[in-house]
Each structure stands twice: as structure tokens, then as C-alpha cells.
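Residue-level structure breakdown
Residues per chain, in single letters:
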Amino acid sequence: MPNPKYILGIFPLSADPAHFGHLWIIQEAAKLCRHLIVLILDNDEKRGNYLLSVDTRKRLMETGIAAHLDGVQNVTVEVTYKILADFYMENGADALFRGIRGKKDVDYEDTQMWYHRQINPAINVEYVNTHVDYERVSSTMIKGFVSHCLDVQKYTPLAVKAACEQEILGQRLVGVVGRMCSGKSTVAATVASLLSNDTYWQERRVRPIPGHHLDMDVIVRQFYTEDTPGAEATREKVAELLSVPLHDGKLNSKEVKAAIAAADRDTREAVDHIVYPHTERLIRQWRKGKTGIIFFEWALLAASESSGMVNNDVILVTCSDEDHQVFLGQREAESWWASMKNHQPTNERTRMMLNRVIQKDGCGTLLEVETSQTTDFHAIATQVRETYPVWTGS
């Protein structure tokens, strides 16, 4: 910046956790400075009450800035255990930035600045109004939403979402995708069971990890038959949109799939719009209380641009064309595959889509496993443990 308003600015925060409101303030403050320090505070009074360790908060802030503030080059992230006024003086700062979401924040910040100026009267504060999209977003809100298994990717970077889910819920979400009859369900169910096998892992002096298999098709079928007034009313709307019959108020999965395959894009989007909130509700209820690795099987996870649900951690299950024909025959699904294969993404396209979002978001890992008629599931379970460790940041 040729003529910055300030030489060195400081934006202090706990970042427990960081969210897009913070990143907005950083972006705006950086425009006014030759250099901006994003200062992660480790307050004596809060120590022991932070969700995330100070090192984790620093790392996640750096990851968020790199992924979401493209082109911002004059920002560094530091940690301090000192009084903020002392850090300001020692570093020769000439601006202290604070984000403002409304009058309540102004009153609070004015009080805080009065305290700081009792130590250093020269502190200069610059208030930055939060973007309207983030006026109600807070770290407390993020933690509260995650505790109820709500998806927070609209409010915080995926790396932060993943860290909060592990710390608060003890869960690591891993998607499982692949062609129809490639072995997705078998991989997800078998590896989930193996990860939980105490005897197998204790013999290898390794702690077992709880594993769970969540199948999107099962969730959708549950919605099709659930005996709740809200689900029944929504099914009536689905039946009308797709021109399919109701059977005692319930939908037939095969009839709906066939109708969706024949429907135009607007109709499919209209169905998704009313069904998706119910599937999200059922997924939340299923996840509640579970810990460890949750394998979320959904063939269209990548194609529907929904890999953020699992923080872009995805297993792509593949198999040879020869084995695929065998698997189709075992399930007597050759004709179904012939009618549906053009509606499913190829492995190459799925791989491309996932690698692109992983790079864009700075979060996630793609693991490819190949199934066959003699699959070594113990080897896959070991590979999964190494690729997706159940981590806690504190």
C-alpha cells in the first residue's frame, strides 16, 4: 500500500473459534495498514476455559486467512500472553482495530478502551463495522451450533468447523463416495466395525476408535416413511412435484428415484429445497451422542457440492470394470446401473471436484481405496486410521 493510514495495526481477539466475521475485519483493517498483526490473546482469566489451545487457534487463523483472504499479503498472526496495552507499546503500533456489530458492541469496546488507556493513554482505536452477513455470528454461536450437530460451514472456515466438531462432539466426519455397486457400503460398514474392534487393535498395541456408518440413502428412506406430521406434509408436496403416488402417506424409494431421474432441473431443485431440511434433521439426530469416525456414505456428496459437510475428508471407493460387473451381478443391478450410470459422476470427475475444493478451502484429504473380490479390509482400516486421525486440539 503506497500511503497507508497506519504503519502497524493490531487486531486482538481470542479466536476461540475464528469465524468469517473475524476474517472480514482482518480484510478491512489490512487495507488501512502497512502491516497488520492479528493477535491471538491467551487471557489469564479465561485460561482453562478455552475450547481450543492457543497454538491451535493460531494455526486455524493462519489457515483461514490463507484460504479466504486471497491477495492479503501484509498480515501476520502472533500470540501474546501479555497485557494488550504493553504489546501495543512494545511493537510501536499506531492503531488498534476492533470489530463492531452494533451499539452494544460500541458501548462494550468504549469501556475496554478506557481500561487500556489507563495503562497507555496513546492507544488509538479504529472501529470497523462488521459485514451485515456476519452481524449475528459469534464464537459462542459457533460452539453452540456445533454442540447440536448443526452445520456451521456458512459461518466459519472448514478447518475451524472440523476442529470444533472434534473438540465438542468427539467426531471426525469422513465421506464415502464412488460409483453404484463399487463397494461403498461394504467399505463404510466393514471399516467402521473394524475400527471399533478392541481385540484386533489391542493385539497391535493401538487404541481402538469408535466407528459408525451413516448411509444417506437410509436417511432419505427414513424420511419417506417417518410418522411425523411435518414429514407427512412434506411428502405430499414431493408427491405433487414428482407426480408419484403416496402409499398410506408414504413414498416408495424406487418410484421417487425414477421420477427424479426423469425430472427437469427446476423440479429436482424444488424437491431438494423441501426435503433437505428434513434429512439434515435426521442426520443431526443420528449423530447425537456418537464419538469417533463417522463414515457418511453418499454417492452424490461431491457432485452436489456438499463435501463441506465432512470438511472435504472423503474416501473415494473404486474398483476395476471386471469387478464392477461382478458386483452388479451379485446385486442383480445390471439394468438399474444401465439406466442410472449417466446420472452418476465418473471417478475421474469426482476426483477432480474433490481435489479442487480441498485446494480452495485449505482443508480436507482425499483417500482412494480399491475394492475387489478379495478386498483386504484390515489394510483399509489401518490406512483410514493413518489418514484421518481422531485429533483433539487442546
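Note: the structure precedes this text.
Residues numbered from 1 in each chain as written. Predicted model: local features only at pLDDT ≥ 70, side-chain atom pairs only at ≥ 80, totals over all residues. Heavy atoms only, no water.

1. Re the packing of aromatic side chains
Applying the stated criterion across every chain yields a total of seven aromatic pairs. For the pair Phe-223 and Tyr-224, a centre-to-centre distance of 6.0 Å together with 55° between the ring planes defines the contact as tilted. This pair shows no difference in class: Phe-223 is buried, exactly as Tyr-224 is. For Arg-204, the ring lying beneath its charged end belongs to Tyr-200, and the centroid distance is 3.6 Å. (Phe/Tyr/Trp six-rings, centres within 6.5 Å; stacked < 30°, edge-to-face > 60°. Buried < 20%, exposed > 50% of the residue type's maximum accessible area, 1.4 Å probe, protein only. Lys NZ or Arg CZ within 6 Å of the ring centre and 35° of its normal.)

2. Quick look at the packing of helix H1 (residues 20-30) against helix H2 (residues 54-68)
Two elements in contact, H1 and H2, have axes separated by 11 Å at closest approach and are oriented at 65°. The angle between the axes of H1 and H2 places the two elements in the roughly perpendicular class. Where H1 crosses over H2, the handedness of that crossing is right-handed. Across the interface between the two elements, Phe-20, Leu-23 and Ile-26 of H1 pack against Met-61, Gly-64, Ile-65 and His-68 of H2. Considered class by class, the residues forming the contact of H1 with H2 number five nonpolar, two polar and no charged. (Axes fitted to C-alpha atoms, helices over the stretch in contact; angles between N-to-C directions. Helix = DSSP H or I, 4+ residues; strand = E, 2+ residues; numbered from the N terminus. Parallel < 35°, antiparallel > 145°, perpendicular 65-115°, else oblique. Left-handed = near helix turned anticlockwise from the far one by under 90°. Contact = heavy atoms within 4.5 Å. Nonpolar A, V, L, I, M, F, W, Y, C, P; charged D, E, K, R; others polar.)

3. Observations concerning a positive patch on the surface
On the surface, a cluster of positive charge is made up of Arg-221, Lys-254, Lys-257 and Arg-331. You can see Lys-254 is positioned in helix H11 (residues 253-262). (Patch = residues over 30% accessible without salt bridge, like charges linked within 9 Å, V, L, I, M, F, W, Y side chains within 5 Å. Areas by Shrake-Rupley, 256 points an atom, 1.4 Å probe, with all protein chains shown as cover. Salt bridge = Lys/Arg side-chain N within 4 Å of Asp/Glu carboxyl O. Lys, Arg positive; Asp, Glu negative; His and termini not counted. Charge placed at Lys NZ, Arg CZ, Asp CG, Glu CD.)

4. Overview of the sheet that holds strand S9 (residues 314-319)
Read across the open sheet, the five strands follow the order S7-S8-S6-S9-S10; overall the sheet is parallel. Across the chains shown, the open sheet's two edge strands, defined by having one partner strand only, are strand S7 (211-215) and strand S10 (366-371). Direction aside, neighbouring strands of the sheet carry axes that sit 25° apart on average. The pairing of strand S6 (residues 171-178) with strand S8 (residues 292-297) spans six bridges and is parallel. Paired with Leu-173 across the bridge in S8 is Ile-294. The strands touched by helix H9 (residues 216-225) are S7 and S8; relative to S7, the strand with the most contacts, the crossing angle is about 55°. Of the strands in this sheet, S6, S8, S9 and S10 are in contact with helix H16 (residues 377-387), which crosses S10 at around 180°. (Pairing = 2+ DSSP bridges.)

5. Brief notes about the pairing of strand S1 (residues 6-13)
Of all eight residues making up S1, seven are buried, and the element is well covered by its neighbours. Bridge count for S1 against strand S2 (residues 33-41) is seven bridges, and the pairing is parallel. Opposite Ile-10, over in S2, you have Ile-37 as the bridge partner. With H1 bridging S1 and its parallel neighbour S2, the resulting β-α-β unit is right-handed. By the bridge criterion, two bridges tie S1 to strand S4 (residues 95-100) in an arrangement that is parallel. Bridging across to S4, Gly-9 finds its partner in Ala-95. (Right-handed = clockwise from strand over helix to strand, strands pointing away.)

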